[in-house]
Amino acid sequence: MTSKIYDRPFYYDIAFTWSVLKQIDFFERIFELFVPFKVERIGEPACGTGRLLLALARRGYRVMGYDVNPRVVEYAKRRITEAGLADRAEVKVADMRSVVFNEKFGAAFNLINSLGYLHSDEEIVTHFRCTGDALQTGGVYVVQLSCAWGKPPEEDLSSWTFERNGVRVKTTWTVEHEDRERKLSHQRCRMEIEDNGRELVLDEPHVLRLWLYEDLRRLARESGRLFLTAIYDEKFAEVPLDAELTGELGNLYFVFGGPLGLSKTSNGAILLPAGGPDGRGTPGGSN
Ligand SMILES: C[S@@+](CC[C@H](N)C(=O)[O-])C[C@H]1O[C@@H](n2cnc3c(N)ncnc32)[C@H](O)[C@@H]1O
């Protein structure tokens, strides 16, 4: 996949430079609530420039991330080495559509709708299978994404600016059109960069999966590896599993449990996946 913004990881990294520390506190709460063992090893599909990997490694986790873009992987590797974290953090070039691991993780994360780069049901189910197989028994896969709008707004645009060492990047991300028939969301990313007197604009379309909640649940179920355990909103407040989920709710965190283990619910009870010891069922059979 060639991309103007991911092929320029230096600018991407400035544009997406916001702190992940509160997010990691939230992930640790998820571990306490849902994972019946101490999480030590974490995987991150589509890790980009490694901003989450670095912060997790600094907290003492052993992390492995992968991304399809060799340039962001190279950039992430360099940052990890410079931070002296190479003994705890590893990054590889790999594709979410096909990657198979030979190691297990207590948790995995997929942030800011990176999963949306997989468009077809088949690609998503394959990814869920590969990632579910890579989870330790009772581990979790947390996927952050936003659903299709219930009532499309006149304009769906978010814009933010970050500066580092005199380099200023203004990013504008717009949802231009939701194609419900093909289940695709047509978006645009524009970065206006001022780099020590030089001005540069990176502007390109991004086509992402248009997420309908029922599809996400169905695809997880079809994978036979993951079941939906909980949902949280941008402020880390729990959203009921039977809520109507639309773009109005913003970027949501979907917590998937692996199938074979015991999984804790948010009130601390232990759930045994329905469907018996082969674990192919789901709690309540409805997810
Ligand atoms: C919005 S960025 C997010 C990066 C990172 N997760 C973060 O939070 O900063 C999306 C990333 O997905 C990667 N990506 C897109 N398609 C992919 C695929 N099929 N397999 C692996 N990575 C992919 C891109 O190269 C890019 O680095």
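Preceding this section is the structure that the text describes.
Here the structure is a predicted model, which is why all the values come from computation and not from measurement.

Definitions and limits used
Residues numbered from 1 in each chain as written. Predicted model: local features only at pLDDT ≥ 70, side-chain atom pairs only at ≥ 80, totals over all residues. Helix = DSSP H or I, 4+ residues; strand = E, 2+ residues; numbered from the N terminus. Buried ≥ 20, exposed ≤ 12 C-beta atoms within 10 Å, placed from the backbone. Contact = placed C-beta atoms within 7 Å. Pairing = 2+ DSSP bridges. Near = placed C-beta within 6 Å. Nonpolar A, V, L, I, M, F, W, Y, C, P; charged D, E, K, R; others polar. Core = buried A, V, L, I, M, F, W, Y, C linked by C-beta atoms within 7 Å. Axes fitted to C-alpha atoms, helices over the stretch in contact; angles between N-to-C directions. Parallel < 35°, antiparallel > 145°, perpendicular 65-115°, else oblique. Left-handed = near helix turned anticlockwise from the far one by under 90°. Expected span 1.5 Å × (residues − 1). Arc of directions from axis to C-beta.

Student: Whenever I open this one, the overall build of the protein chain confuses me. Can you help?
Tutor: Looking only at helices and strands, the protein chain has six helices and 14 strands in total. Burial analysis of the protein chain (287 residues in total) assigns 38% to the buried set. Long-range pairs, those at least 24 residues apart, make up 67% of the contacts in the protein chain with a sequence separation of at least 6.

Student: Help me understand the sheet that holds strand β11 (residues 238-239), please; the structure alone is not making it clear to me.
Tutor: Strand pairing in a sheet is mediated by backbone hydrogen bonds. Such pairs are either parallel or antiparallel. Taking strand neighbours across the sheet as the criterion, the eight strands line up as β3-β2-β1-β4-β5-β12-β10-β11 in an open arrangement whose pairing is mixed. If you trace the sheet from one side to the other, it starts and ends with β3 (89-93) and β11, each paired once. Pairing of strand β5 (residues 135-145) with strand β12 (residues 252-257) involves six bridges; the strand directions are antiparallel. Considered in β12, the bridge of Q144 is made with Y253.

Student: Where do I start with the site of the ligand in this structure?
Tutor: Close contacts around the ligand come from 19 residues, with A46, G48, V68, M96 and Y117 the closest. Looking at the shell around the ligand residue by residue, the classes come out as twelve nonpolar, three polar and four charged.

Student: Explain the nonpolar core here, please?
Tutor: Across soluble globular proteins, you tend to see nonpolar side chains buried next to one another. If you look at the biggest cluster of nonpolar residues, it comprises 66 residues, and the most contacted ones within it are I42, L53, A107, V140, V142, V255 and F256. Excluding residues within four positions of it along the chain, V142 makes contact with F27, I30, A107, F109, Y253 and V255.

Student: Explanation requested: the packing of helix α5 (residues 121-133) against helix α6 (residues 213-223) in the structure shown.
Tutor: A pair of packed helices is captured by two measures, namely the crossing angle of their axes and the spacing between those axes. Here α5 crosses α6 at 55°, and the two axes come no closer than 8 Å. In this view, α5 runs oblique relative to α6, as classed from their interaxial angle. Crossing of α5 over α6 shows right-handed handedness. Contacts between α5 and α6 involve D121, I124, V125, F128, R129 and G132 from the former and L219, A220, E222 and S223 from the latter. Taken together, the residues of the contact of α5 with α6 break down into five nonpolar, two polar and three charged.

Student: Honestly, helix α2 (residues 21-34) in this entry has me stumped. Any pointers?
Tutor: What sets the pattern is the α-helix's 3.6 residues per turn: residues three or four places apart point alike. Over its 14 residues, α2 extends 20 Å from the first C-alpha to the last, a length consistent with the 20 Å expected when each residue adds 1.5 Å. F27, I30 and F34 are the residues of α2 that are buried. All buried residues of α2 project into a common sector of 50° when viewed along the axis, lining one side. Along α2, exposed side chains directed more than 90 degrees from the buried face belong to L21, K22, D25 and E32.

Student: Mind showing me how you'd approach unusual backbone geometry here?
Tutor: For residues that are not glycine, phi is negative in most cases, and the peptide bond is trans in most cases. With phi around 55°, A46 is a residue other than glycine that occupies positive phi space. Examined against the element boundaries, A46 turns out to sit in the loop between β1 (41-45) and α3 (51-58). Judged by the 25 C-beta atoms lying within 10 Å of it, A46 falls in the buried class. For N196, which is not a glycine, the phi torsion comes out positive at approximately 50°.

Student: I'm lost on α5 in this one. Help?
Tutor: Along its 13 residues, α5 runs 18 Å from first to last C-alpha, staying within 8% of the 18 Å computed at 1.5 Å per residue. Where the residues of α5 are buried, they touch β1, β4 (105-110), β5 and α6.

Student: Please clarify how the pairing of strand β6 (residues 156-164) should be interpreted in this entry.
Tutor: Within a regular beta strand, the side chains point alternately toward one face of the sheet and then the other, so they alternate between its two faces. Where β6 lies against strand β7 (residues 167-179), nine bridges are found, and the strand directions are antiparallel. When the sheet's bridge partners are listed, T161 is paired in β7 with K170. Hairpin geometry of β6 and β7 is characterised by an intervening segment of two residues between the two adjacent antiparallel strands and by a positive phi of about 45° at N165.

Student: Is there a simple way to explain the environment of L208 in this structure?
Tutor: Considering the arrangement of structural elements, one finds L208 in strand β9 (residues 198-209). By the C-beta count within 10 Å, which is 20 here, L208 ends up buried. Separated by 30 residues in sequence, L208 and E178 place their C-alpha atoms 9.6 Å apart. Excluding its chain neighbours within four sequence positions, the residues that come into contact with L208 are N113, G116, Y117, S185 and Q187.

Student: Help me understand the sheet that holds β9, please; the structure alone is not making it clear to me.
Tutor: Sheet architecture is open: four strands sit in the order β6-β7-β8-β9, paired in antiparallel fashion. The two strands at the open ends of the sheet, each matched to only one other strand, are β6 and β9. Neighbour-to-neighbour, the strand axes of this sheet turn through a mean angle of 15°, independent of strand direction.

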